[in-house]
Amino acid sequence: MLPPAAAGVEVSSGSLEVLSLRCSKIVSDDLKEPENWDLVKKAYKDARPGDPVVGKKTITFTQHCEITLALDMLERTRPGLTNTKIEIGVSKACCEWCCQYLNLLASAYPQHPILVRASHGKQRDGWMIPPSGPMSATQQMIRVIEDKVDNVIWTIDRNRRSHSNKLPSFQKKVKVGARAPAMEQHMVDF
Ligand SMILES: [Zn+2]
């Protein structure tokens, strides 16, 4: 199985712009969009604004090799044909997205144990969701990535509230579709 061709895609470059894009998809009366970079820096002191800060950049999206190997081996190891154990030796720890995706593959194919040793925790630019992967893993992976961004947004929002004199209105009911603020403070590295 060949990996899909690398594809150059124009994407929003600035971190603030990306957060704003995602904010427009979250339905909540309580959430206030971070309107300036200072708010982001107050919550995440190591946050980087993106290069360029405003506008688009072209990112080359590729399918990482450990994913290509895992999908290929799953394709070859249909039950009854051969040994179903899948072993892939990789010399380096996987990026965070590969690690997450391989775990999702493992739950999509419980008959084939896939053990992932470690992730170095970096979130690489241009990580491609495998176009030929199972739909369930694709949908869950989108959710994983969205949740990461949502955690950042809610953390910035919570931080803004704690620095303002106004008490948050926790009584208000969050509309369907909004995510509850997660407890992880520093999960996402910009
Ligand atoms: Zn990777």
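Before reading on, note that the structure itself is shown above.
To start, this report covers the structure provided alongside it. The residue numbers shown here count from 1 along each chain, following its written sequence. Where totals are concerned, whole chains, interfaces and linings use all residues; where local detail is concerned, this predicted model gives features only for residues with pLDDT of at least 70, and gives and counts side-chain atom pairs only at 80 or more.

Our next topic: the overall build of the chain. Here a strand is any run of E in DSSP of at least two residues, a helix any run of H or I of at least four, and the numbering for each starts at the N terminus. Counting its regular elements, the chain contains 5 helices and 2 strands. If you list the helices and strands of the chain from N to C, you get β-α-α-β-α-α-α. As a rule, residues whose C-beta atom has 12 or fewer other C-beta atoms within 10 Å are exposed, those with 20 or more are buried, and those in between are partly exposed; C-beta atoms are placed from the backbone. Here the chain, with 190 residues, has 16% of them falling under the buried criterion. Sequence-distant contacts, at least 24 apart, represent 82% of the contacts inside the chain between residues at least 6 apart. Note on contacts: residues are paired as contacts if their backbone-placed C-beta atoms lie within 7 Å.

It is worth spelling out the nonpolar core at this point. We define a nonpolar core as a collection of buried residues of the types Ala, Val, Leu, Ile, Met, Phe, Trp, Tyr and Cys that are connected via C-beta atoms lying within 7 Å of each other. One finds I67, A70, C98, Y101, L102 and L105 to be the most contacted residues of the largest nonpolar core, which totals 13 residues. Secondary-structure elements contributing two or more residues to this core are α3 (65–76) and α4 (96–108). Broken down by element, the residue count for this core peaks at 6 residues, all from α4. Counting 9 residues, the second largest nonpolar core, distinct from the first, contains A43, V152, I153 and I156.

A word on unusual backbone geometry. Cis geometry marks the peptide bond from D51 to P52; its omega dihedral reads 0°. Position of P52 among the secondary structure elements: in the loop between α2 (37–43) and β2 (56–61).

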